[in-house]
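Residues per chain, in single letters:
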Amino acid sequence: MSAWEEVAPGVFAHDDRSGVWSLRTHAVVLRDGSLAVISPTSKLPESVHEELSAIGRPSLLVPPNHFHHLGLGEWMRRYAGARVVCTDGARPRLAR
């Protein structure tokens, strides 16, 4: 079973049900073949990142709001060239 499920053409989802909450991360293939990763969750196994690399390399990391950001630091370190994009309202908290 794959860690990433194609839920629409060019849109992949990973569900993490290992904790108290069910968490979902989406990866959207962009025109240049790179990925926009929406709601990057924390502590994903190496195998999940390996499978993601077969889809593409993250170039954008998108926390959907200022509450769903706990995996952002991990993803920023792992994909150093990726840009973080967020709303103006979320920016102050995410900058911390």
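See above for the structure.
Nothing here was measured: the structure is a model prediction, and the numbers come from that model.

Draft legend 1. How the structure looks around the overall build of the protein chain. What the protein chain contains, in helices and strands, is three helices and six strands. Each helix and strand of the protein chain, placed in order from N terminus to C terminus, yields the pattern β-β-β-β-α-β-α-β-α. A buried classification covers 32% of the 96 residues belonging to the protein chain. In the protein chain, the share of contacts with a sequence separation of at least 24, taken over all contacts with a separation of at least 6, comes to 38%. Carbon and sulfur atoms provide 56% of the accessible area of the protein chain, an area that totals close to 6,200 Å².

Draft legend 2. Geometry of the packing of aromatic side chains. Evaluated as defined, the whole model comprises one aromatic pair. Taking 5.5 Å as the distance between ring centres and 35° as the angle between the ring planes, the aromatic pair formed by Trp75 and Tyr79 counts as tilted. Judged on exposure class, the residue Trp75 and its partner Tyr79 are both buried.

Draft legend 3. Region of interest: the pattern of salt bridges. Inspection of the entire model under this criterion finds two salt bridges. A salt bridge links Asp15 to Arg24; the shortest N-O distance between them is 2.7 Å. Overall, the relative accessible area of 26% leaves Asp15 in the partly exposed class. The partly exposed category is assigned to Arg24, whose relative accessible area is 35%. For Arg78, the salt bridge goes to Glu46, with nearest N and O atoms at 2.7 Å. Residue Arg78 is located in helix H2 (residues 72-78), and its partner Glu46 is located in helix H1 (residues 46-55); the two are separated by 32 residues in the primary sequence. Residue classification places Arg78 among the partly exposed residues on the basis of a relative accessible area of 35%. Under the relative-accessibility criterion, Glu46 is labelled partly exposed at 44%.

Draft legend 4. Seen up close, the side chain of Asp16. Relative to the elements of secondary structure, Asp16 occurs in strand S2 (residues 11-16). For Asp16, the contacting residues outside a window of four places in its chain are Trp21, Ser22, Leu23, Ser42 and Leu44.

Draft legend 5. Layout of unusual backbone geometry. In the Ramachandran plot, Ser39 falls in the positive-phi region, its phi being about 60° despite a non-glycine side chain. A positive phi angle is found at Lys43, which is not glycine, with a value near 60°. Tracing the backbone shows Lys43 in the loop between strand S4 (35-38) and H1.

Calculation rules
Residues numbered from 1 in each chain as written. Predicted model: local features only at pLDDT ≥ 70, side-chain atom pairs only at ≥ 80, totals over all residues. Heavy atoms only, no water. Helix = DSSP H or I, 4+ residues; strand = E, 2+ residues; numbered from the N terminus. Buried < 20%, exposed > 50% of the residue type's maximum accessible area, 1.4 Å probe, protein only. Contact = heavy atoms within 4.5 Å. Areas by Shrake-Rupley, 256 points an atom, 1.4 Å probe, with all protein chains shown as cover. Phe/Tyr/Trp six-rings, centres within 6.5 Å; stacked < 30°, edge-to-face > 60°. Salt bridge = Lys/Arg side-chain N within 4 Å of Asp/Glu carboxyl O.

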